[in-house]
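Here is what each chain is made of, one letter per residue.
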Amino acid sequence: MLFYGIKEFKEKLGIEKLQTIEFARISRDDGFKNTDSLLNQASMLERTVETNSDDLETIRKYSQVVSGMKELEERGDSVEETFELIRCAGTHLLLIKEYSRFTRNPTLSSQLLDYCDLYYNRFRMYSLIDGLYSPDQRGIWEMKVTFYANEVRTIVKRMKLGKIEKAEKGHYLASKPPLGYTLYKKTLTKKFPECDIVL
């Protein structure tokens, strides 16, 4: 069953299938060490298109991992290509899981909404979490940017406090021990004779 608002949009355009971009995006500082969340998100988007295969047709799939703890991140080719595809008249739908994944960079999120507004007569953005975007709801979506930004800052503060507490307890926080030491349960132990050489 086609989700709310998209069926009407398809009928308005008078086309057989909406040409769709699937864009999975997660925020994670450790890059591609654990991509389960990214794969799950991509699977959700793919299943959504398959469920509505009579009305949707995927023209491009993107998966991107960005740092959730940095205000500025590399936009990447996938974002630029998405904007280019939106500018093309043959792209009708951007399908994402949730808008928060695009709000880490305020400039990026604002530009995305600008594109949705500019090409609204032939293009839509649909979030599985937030629903269908429309220009008259832009204020609400922009409020989400502020909310998500505050949430990121809160997470950063929690992480810093946690790291400080672990350091106070003598725990080593890096993933690899320095030369001359071994790491066991976050505690450094001297490794002879290497530690004498380091000293």
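Computed from a predicted model, the values in this text were never measured in an experiment. (Residues numbered from 1 in each chain as written. Predicted model: local features only at pLDDT ≥ 70, side-chain atom pairs only at ≥ 80, totals over all residues. Heavy atoms only, no water.)

Draft legend 1. Molecular detail of the pairing of strand 3 (residues 93-96). Covered by surrounding structure in strand 3 are Leu-93 and Leu-95 together with Leu-94 and Ile-96, the residues of both alternating faces. Summarising the sheet, strand 3 and strand 4 (residues 124-127) pair through four bridges and their orientation is parallel. Within strand 4, the residue paired with Leu-93 across the bridge is Arg-124. Handedness of the crossover is the feature at issue here: the chain leaves strand 3, passes through helix 4 (residues 106-118), returns alongside strand 4, and the resulting connection is right-handed. (Buried < 20%, exposed > 50% of the residue type's maximum accessible area, 1.4 Å probe, protein only. Helix = DSSP H or I, 4+ residues; strand = E, 2+ residues; numbered from the N terminus. Pairing = 2+ DSSP bridges. Right-handed = clockwise from strand over helix to strand, strands pointing away.)

Draft legend 2. Looking closely at the confidence of the model for the protein chain. Put simply, the protein chain has an average pLDDT of 79, and 73% of its residues get 70 or more. Mean pLDDT in the protein chain bottoms out at helix 6 (residues 194-198), which sits at 60, and peaks at strand 3, which reaches 95. Across residues 29-34, confidence stays below pLDDT 50; counting only partners more than four residues off in sequence or on other chains, it has seven contacts. Scored below 50 in pLDDT, residues 68-75 makes 25 contacts in the model with residues more than four places away or belonging to other chains. (pLDDT = per-residue confidence, 0-100. Contact = heavy atoms within 4.5 Å.)

Draft legend 3. How the structure looks around the environment of Asn-52. Following the sequence through the fold, Asn-52 ends up in the loop between helix 2 (36-51) and strand 2 (56-66). Between the C-alpha atom of Asn-52 and that of Phe-3, which follows or precedes it by 49 residues, the distance is 8.7 Å. A polar contact is formed between the side chain of Asn-52 and the backbone oxygen of Thr-48, at a distance of 2.8 Å. (Polar contact = N/O pair within 3.5 Å; in protein donor to acceptor, adjacent residues only side chain to side chain.)

Draft legend 4. Structural context of helix 4. For helix 4, spanning 13 residues, the distance from its first C-alpha to its last is 18 Å, which sits close to the expected 18 Å at 1.5 Å a residue. Every buried residue belonging to helix 4 is among Leu-108, Ser-109, Leu-112, Leu-113, Tyr-115 and Cys-116, and all of these are buried. All buried residues of helix 4 lie within an arc of 155° about the axis, which places them on one face of the element. Opposite the buried face of helix 4, by more than 90 degrees, sit the exposed residues Thr-107 and Leu-118. (Expected span 1.5 Å × (residues − 1). Arc of directions from axis to C-beta.)

Draft legend 5. Here's a closer look at the pattern of salt bridges. Evaluated as defined, the whole model comprises seven salt bridges. We note a salt bridge from Asp-55 to Lys-10, for which the minimum N-O separation is 3.2 Å. Of this pair, Asp-55 sits in the loop between helix 2 and strand 2 while Lys-10 sits in helix 1 (residues 6-13); the two residues are 45 residues apart in sequence, bridging distant segments of the chain. Its relative accessible area of 16% is what places Asp-55 among the buried residues. For Glu-46, the salt bridge is made with Lys-61, and the minimal N-O distance between the two is 3.7 Å. (Salt bridge = Lys/Arg side-chain N within 4 Å of Asp/Glu carboxyl O.)

Draft legend 6. How the structure looks around the side chain of Thr-82. Inspection of the secondary structure assignment puts Thr-82 in helix 3 (residues 76-87). Note on Thr-82: relative accessible area 2%, which makes it buried. If near-sequence neighbours (up to four positions away) are discounted, Thr-82 is found in contact with Ile-21, Phe-23, Tyr-62 and Leu-94.

Draft legend 7. Up close: the environment of Phe-3. Examined against the element boundaries, Phe-3 turns out to sit in the segment before helix 1. Once the C-alpha coordinates of Phe-3 and Gly-131 are considered, the two residues, 128 residues apart in sequence, prove to be 8.8 Å apart. For Phe-3, the residues in contact, after removing those within four places along its chain, are Thr-48, Asn-52, Leu-56, Leu-93, Leu-95 and Tyr-126.

Draft legend 8. Representation of helix 1. Within the span of helix 1, buried status applies to Ile-6, Phe-9 and Lys-10. Down the axis of helix 1, the sector holding all buried residues measures 100°, keeping them to one side. Opposite the buried face of helix 1, by more than 90 degrees, sit the exposed residues Glu-11 and Lys-12. Of the residues flanking the end of helix 1, it is Gly-14, one or two places downstream, whose phi is positive at about 70°.

Draft legend 9. Region of interest: the nonpolar core. Counting 22 residues, the largest nonpolar core has Leu-94, Tyr-99, Leu-112 and Met-125 as its most contacted members. Of all elements in the fold, only strand 1 (18-27), helix 3, strand 3, helix 4 and helix 5 (138-168) reach the threshold of two or more residues within this core. If one sorts the elements of this core by residue count, helix 4 sits on top with five residues. Membership of the second largest hydrophobic core comes to 14 residues, among which are Phe-3, Ile-6, Ala-24 and Val-49. (Core = buried A, V, L, I, M, F, W, Y, C linked by side-chain atoms within 4.5 Å.)

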